[in-house]
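Geometric and topological summary
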Amino acid sequence: MPRQELPDILACHLSVLFCGTAVPCAAARGHYHAGPGDDFWRFLHEAGFTPRRLAPSDDAMLATHGHGLTDLAKRPLSPGGVPGYDVARLVRTVEACQPRWLAFTSKTAGQAAARGLGHPVPGLGPADWQVGGADVYVLPSPSGANRRRDYDGRPSRVDWWSELCRLVQEADLRTA
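1. Overview of the nonpolar core
Within the largest apolar cluster, 47 residues are counted, with the highest numbers of intra-cluster contacts made by Phe 18, Phe 49, Leu 102, Phe 104, Trp 161 and Leu 164. Contributions of two or more residues to this core are made by strand S1 (16-20), helix H2 (40-47), helix H3 (87-97), strand S3 (101-104), helix H4 (107-117), strand S4 (125-131), strand S5 (134-138) and helix H5 (157-175). For this core, the element with the most residues is H5, which contributes six residues. Among all residues touching Phe 104, those that are not within four sequence positions of it are Cys 19, Leu 90, Ala 109, Gly 110, Ala 113, Trp 129, Val 136, Tyr 137, Val 138 and Leu 139.

Structure, rendered in structure tokens:
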């Protein structure tokens, strides 16, 4: 029987907790962002979050780089095929591990969380609200289905990921 959900990859005081909308088909692969054409691991490396490009099978190592992974859809799909987003669980997770940033890995994830928390729906980039004390940043989806020419005025998706990495590094310098 395939795995029904992916376990969170967490540690206390992460720099960034990345949160997507993983659904049971992703869990069946056994690793985050393991689908064909998913650029998550490439973007992490190119933006500067990791010193080398990790593979989906390396996802548990992400916490050693100060980052974690979770998702909004721990529950199975509803009968209508809609993911069961659990924003309350996300808030509890963020409060427990206290990351500096919560980065949604798609507009869909950021918008679902915003609606669940009563915040304005965010675009890409930093949001003007927090979740569980963490600053919020919305990234363009790394999915292969999200390849187009314009990403809210930027030439590539990795530009947004690089901006978040710069913000994380600047905050690290201020607190050092």
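2. With respect to the pairing of strand S2 (residues 67-71)
Buried residues dominate S2, accounting for five of its five residues. Burial along S2 is two-sided: His 67, Leu 69 and Asp 71 and Gly 68 and Thr 70, pointing in opposite directions, are all buried. Strand direction decides the pairing type here: S1 and S2, joined by five bridges, are parallel. When the bridges of S2 are listed, Val 16 appears paired with His 67.

3. Digging into the pairing of S1
Of all five residues in S1, five are buried; the element is thus mostly enclosed. Burial along S1 is two-sided: Val 16, Phe 18 and Gly 20 and Leu 17 and Cys 19, pointing in opposite directions, are all buried. Relative to S3, S1 runs parallel, the two being bridged by four bridges. Along S3, the bridge assignment pairs Phe 18 with Ala 103.

4. Digging into the pattern of salt bridges
All told, the structure shown has six salt bridges when counted by the stated rule. Notably, a salt bridge pairs Asp 58 with Arg 52, separated by 3.9 Å at the nearest N-O pair. By relative accessible area, which is 17% here, Asp 58 ends up buried. Residue classification places Arg 52 among the partly exposed residues on the basis of a relative accessible area of 42%. For Arg 154, the salt bridge goes to Glu 163, with nearest N and O atoms at 2.9 Å.

5. A closer look at unusual backbone geometry
Here the phi dihedral of His 33 falls at roughly 50°; this positive angle occurs in a residue that is not glycine. Residue position: His 33 is located in the loop between helix H1 (24-29) and H2. One non-glycine residue, Gln 98, adopts positive backbone phi at about 50°. Looking at the element boundaries, Gln 98 is found in the loop between H3 and S3.

6. Points about the packing of H2 against H5
The interhelical angle for the contact between H2 and H5, taken along N-to-C directions, is 50°, at an axis separation of 8 Å. By the angle class used here, H2 and H5 are oblique. Note that H2 runs across H5; the crossing there is right-handed. Packed against H2, whose contacting residues are Phe 40, Phe 43, Leu 44, Glu 46 and Ala 47, the element H5 presents Arg 157, Val 158, Trp 161, Ser 162 and Cys 165 at the interface.

7. Focus on the side chain of His 67
Mapped onto the fold, His 67 is located in strand S2. For His 67, a relative accessible area of 4% gives the class buried. At a separation of 3.4 Å, a polar atom in the side chain of His 67 contacts the main-chain carbonyl oxygen of Phe 49. A polar atom in the side chain of His 67 sits 3.2 Å from the backbone oxygen of His 65. Every residue in contact with His 67, bar those within four places of it in the chain, is listed here: Leu 14, Ser 15, Val 16, Phe 18, Phe 49 and Leu 62.

So, how was this worked out
- Residues numbered from 1 in each chain as written.
- Predicted model: local features only at pLDDT ≥ 70, side-chain atom pairs only at ≥ 80, totals over all residues.
- Heavy atoms only, no water.
- Core = buried A, V, L, I, M, F, W, Y, C linked by side-chain atoms within 4.5 Å.
- Buried < 20%, exposed > 50% of the residue type's maximum accessible area, 1.4 Å probe, protein only.
- Helix = DSSP H or I, 4+ residues; strand = E, 2+ residues; numbered from the N terminus.
- Contact = heavy atoms within 4.5 Å.
- Pairing = 2+ DSSP bridges.
- Salt bridge = Lys/Arg side-chain N within 4 Å of Asp/Glu carboxyl O.
- Axes fitted to C-alpha atoms, helices over the stretch in contact; angles between N-to-C directions.
- Parallel < 35°, antiparallel > 145°, perpendicular 65-115°, else oblique.
- Left-handed = near helix turned anticlockwise from the far one by under 90°.
- Polar contact = N/O pair within 3.5 Å; in protein donor to acceptor, adjacent residues only side chain to side chain.

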